[in-house]
2 protein chains.
Amino acid sequence: MEEERYSHPMAEGLTIGQAAAFVDITVKTVRHYHRLGLVAEPERDHSGYRRYGSADLLRLVQVRALAGAGVPLAEIGELLDAEPERFATALDDVRRRLTEQIEELMGRRDTLHRLAHGDRALLPDRACAVLERLAELDFSPDYVTTQREALVLSRALTPEVFDLFLANLEHRLDDPEFVELTKRGWEARSWDPDDPRIEELASAVAANLLGVRALLTLPAKRPHGPDAASRYGVVNHHREDEAPSIARLNGLVEGHLRAAGIDIPRQ
Amino acid sequence: MEEERYSHPMAEGLTIGQAAAFVDITVKTVRHYHRLGLVAEPERDHSGYRRYGSADLLRLVQVRALAGAGVPLAEIGELLDAEPERFATALDDVRRRLTEQIEELMGRRDTLHRLAHGDRALLPDRACAVLERLAELDFSPDYVTTQREALVLSRALTPEVFDLFLANLEHRLDDPEFVELTKRGWEARSWDPDDPRIEELASAVAANLLGVRALLTLPAKRPHGPDAASRYGVVNHHREDEAPSIARLNGLVEGHLRAAGIDIPRQ
DNA sequence: CTTGACCTTGACCTTGGGTCAGGGTTCACG
DNA sequence: CGTGAACCCTGACCCAAGGTCAAGGTCAAG
C-alpha cells in the first residue's frame, strides 16, 4: 500500500500553482522566494516540476504573513529561523513600524484634505484670512494668486520676514489709499516700462509706505549664509519677469525707501 | 539698478540644492522629476547650473504634496495641469485610496498581533482551544506542533474535512483510552518500522476509532478536480517522512478502517 | 492527435529614487 | 592667488518585490 504511494509519481505533493493558490500569492512570487533563499526549493518530480509538501506550505504561510505585514524579504529568513523570543521581539518591532506608517499616512491624508480646501496646507490661517480679504476688497484674482505665491515663497525662503510681510498686508488693507494705489499698481502691468506715470505712482506708493515706518523695519536677526541674497531676490522679484513695468515700479519704490533710510536687501 | 540685477549672474534664482531643501527632498529627486517631465527644467546660468525661480518652487511644492500622498508620479503631471474641478475630483480619489491603504495596514497589524499571540491568525478559535487542551492533557510539544500543522494544512487544502477533523479531536479527547493510545502512537515514532507492536497498536487504534462511526464518515460533497488526491495526500501523510514507523502505523490503521467499510481516500 | 492549461528557465521592465564615477564651478580662508 | 570644501553636471548602474514575455516541456481531456 505504501509502496504504491511512492510509485505513483504524480501524488508526491502540490505543484507550484497549487501551493501559490494555497497562500494566495502568484507562482512568480513563490519562485522569487526560492531565489532569495527564503523558502527552500522542494523536491522535483520526474519531469522537473517542484512538488510542495506540508512543511513547504507552512513555511510559505509564515513568509507570506510577514511579507504581507511589510517586513522586508531580506529580513524574513533570519527572523523565521531565530529563536522564539527573538522572533517575538521582532514581531513587536514590525507592529510598531506598521503603526508609524499608519499614522504617517493619516497625516498625509489630512494634508491632502487641506490642499483640496484651499491653501491651508501651505499657509497659516492668518495668511489665508488676508487672502480672503483681498478677494473681498475686489482685487483681481490674478493679483490674489500672485500674493498667495509670494506668501508661500516668503514663508519657505525667508521665514524671518514672513511675519513682517503678513503684518504689512494686514494693516495696509485698512488704508483705502494703499488699496487704491495697489490696484493701480496692478494695472501698471500693462503699461509700457517707460511710461512716466510709473515714476509718479512709485513716489505715491513710497510715501504711503513710509507712513508706518515700523512695518518697514527688518528684524535685527538678519539671515545668514551666502544664499540669503538670492532667497530675498526670489521673493522680492517674484513674477516680475512677466511684466517689466512692474519690475521698474518696484525698483523705483525700493530706491525711494532706501533714500529714506530703510534697510532693504539688494537682490 | 535693475541692470545690475541682470548683470549679476549669481542672483538669478536658487540652485538645485536650495530648491530641494525648500521642498524637503533630495537633489536627486528634483532631477528625477525633471527627467519624468513633472517639473519643467528651469533656465541654466552661465555655468550650466539650474536656477529655480518662484514658479518652479511652487510647482515643486505641489508635486511633492501629491507624491507624498502616494499619487504615482506618472499621474501627477496631468493632474496638476488639469482644470480645477477635475483636480478636485482626483484629489478626492487620492484621499479614498489613502484611506483604503490605511485600513489595509491596520488589518495587517491585527494579523500580526494574532500571529504574535499564538496561531489565531491561521486557525479558528475552536481549533486553538483544542490545541490548548492537547497541551493540558500532557501531550508532548512536538505532537502538539504536528497536530497544529496538520490542522493548518487541512483547513487550507481540504476545508470539507477540516470540520470533521476538528470534531474528531474535540470528541476523542474526552476518551481516556484514545488519549492513551495516541500518546503510545507518538512514542512509536522511535520504534523500528517492523516492530510487531505496531500492528497490535494499529488494531487497538482502529477499534477505538470505529467506536464512533459518525466521526469517520466523510461529507457527501467530496472534493473535485484532479488535484484532490494530492491534497489529501499532503494532509494525511504530513510529517510521515520523519518517522517510517508512523507511516506504517497509519497505513495499517487505514487498512483496518477500510476493511470495516469506512471510505478513506487513497493518497 | 490536438488543444489548453500547466510547468520550466531566462531575460528584461517597473517605481521612486540612491549611489558611484569623473569632472566643472564657486566661495571663503590663508 | 592658490587651495580645499562644498556645490553642481551627466551618465550608468543598483535596490525591492515582483510582472511580463519568450521559448519550450508536460499533462489530462476530448
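Computed from a predicted structure; not experimentally measured.

Q: What should I look at first to understand the overall build of chain A in this one?
A: Broken down by element type, chain A carries 13 helices and 0 strands. Each helix (α) and strand (β) of chain A, taken in turn from the N terminus, gives the series α-α-α-α-α-α-α-α-α-α-α-α-α. A buried classification covers 45% of the 267 residues belonging to chain A. A sequence separation of at least 24 residues applies to 63% of the contacts in chain A between residues at least 6 apart.

Q: Just to check I follow, could you spell out the protein's contact with DNA strand C for this structure?
A: Taken together, the neighbourhood of DNA strand C is formed by 22 residues, with Gly17(A), Arg31(A), Lys28(B), His46(B) and Tyr49(B) sitting nearest. Counting only the atoms of DNA strand C that lie within 4 Å of the protein, the sugar and phosphate share comes to 73%. Within the contact set of DNA strand C, a phosphate oxygen lies 2.9 Å away from a side-chain nitrogen or oxygen of Arg50(A). When residues of the surface near DNA strand C are traced back to their parent elements, those giving at least two are helix 2 (16-23) and helix 3 (27-35) of chain A together with helix 3 (27-35) of chain B. The element that contributes the greatest number of residues to the surface near DNA strand C is helix 3 of chain B, accounting for 4 residues.

Q: What is the right way to look at the side chain of Thr146(A) in this model?
A: Relative to the helices and strands, Thr146(A) is located in helix 8 (residues 141-157). In this structure Thr146(A) touches Trp186(A), His238(A) and Arg239(A), once residues within four positions along its chain are discounted.

Q: Looking at this structure, how should I read the nonpolar core?
A: Generally speaking, a soluble globular protein has its nonpolar side chains buried in company with each other. Membership of the largest hydrophobic core comes to 67 residues, with the highest contact counts inside it found for Leu57(A), Leu60(A), Leu60(B) and Leu66(B). Ignoring any residue separated from it by four or fewer positions in sequence, one finds Leu66(B) in contact with Leu112(A), Val71(B), Ile76(B), Leu79(B), Leu80(B), Phe87(B) and Leu91(B).

Q: What is the right way to read the packing of helix 3 of chain A against helix 4 (residues 54-68) of chain A from this model?
A: Packed helices, taken two at a time, are described by the angle their axes make and the gap between the axes. All names here are of chain A. At a minimum axis separation of 12 Å, helix 3 and helix 4 run at an interaxial angle of 95 degrees. Judged by the angle between their axes, helix 3 and helix 4 are roughly perpendicular. Mapping the contact onto sequence places Thr29, Val30 and Tyr33 in helix 3 and Leu60, Val63, Arg64 and Ala67 in helix 4. Its residues assigned to classes, the contact of helix 3 with helix 4 shows 5 nonpolar, 1 polar and 1 charged.

Q: How should I be thinking about the protein's contact with DNA strand D in this particular structure?
A: Around DNA strand D, the structure places 22 residues, and the nearest of them are His46(A), Tyr49(A), Gly17(B), Arg31(B) and Arg50(B). One of the side-chain N or O atoms of Thr26(A) is found 2.9 Å from a phosphate oxygen in DNA strand D. Taking Thr15(B), its side chain carries an N or O atom lying 2.8 Å from a phosphate oxygen of DNA strand D. Listed by contribution, the elements that provide at least two residues to the surface near DNA strand D are helix 3 of chain A together with helix 2 (16-23) and helix 3 of chain B. Of all the elements, helix 3 of chain A adds the most residues to the surface near DNA strand D, at 4 residues. Taken together, the residues of the surface near DNA strand D break down into 8 nonpolar, 8 polar and 6 charged.

Q: Just to check I follow, could you spell out the side chain of Ser54(A) for this structure?
A: Relative to the assigned elements, Ser54(A) resides in helix 4. The contact partners of Ser54(A), leaving out residues within four places of it in the chain, are Leu153(B), Val234(B), His238(B) and Arg239(B).

Q: Sorry, what's going on with the environment of Ala74(B) here?
A: Residue and element names in this part refer to chain B. For Ala74, the position within the fold is in helix 5 (residues 73-80). On the basis of relative accessibility, which here comes to 71%, the residue Ala74 falls in the exposed class. C-alpha of Ala74 to C-alpha of Leu38: the two residues are 36 residues apart in sequence and 8.1 Å apart in space.

Q: Mind showing me how you'd approach the confidence of the model for chain A here?
A: If pLDDT is low for a region, its predicted coordinates should not be looked at in detail. All names here are of chain A. Taken as a whole, chain A shows an average pLDDT of 82; of its residues, 86% reach a score of 70 or greater. Of all secondary-structure elements in chain A, the lowest mean pLDDT belongs to helix 1 (residues 2-7), at 33, while helix 3 reaches the highest, 95. A low-confidence stretch, residues 1-11 (pLDDT under 50), is modelled with 14 contacts involving residues beyond four sequence positions or located in other chains.

Rules used in this analysis
Residues numbered from 1 in each chain as written. Chains lettered and ligands numbered in written order. Predicted model: local features only at pLDDT ≥ 70, side-chain atom pairs only at ≥ 80, totals over all residues. Heavy atoms only, no water. Helix = DSSP H or I, 4+ residues; strand = E, 2+ residues; numbered from the N terminus. Buried < 20%, exposed > 50% of the residue type's maximum accessible area, 1.4 Å probe, protein only. Contact = heavy atoms within 4.5 Å. Near = heavy atom within 4 Å. Polar contact = N/O pair within 3.5 Å; in protein donor to acceptor, adjacent residues only side chain to side chain. Core = buried A, V, L, I, M, F, W, Y, C linked by side-chain atoms within 4.5 Å. Axes fitted to C-alpha atoms, helices over the stretch in contact; angles between N-to-C directions. Parallel < 35°, antiparallel > 145°, perpendicular 65-115°, else oblique. Nonpolar A, V, L, I, M, F, W, Y, C, P; charged D, E, K, R; others polar. pLDDT = per-residue confidence, 0-100.

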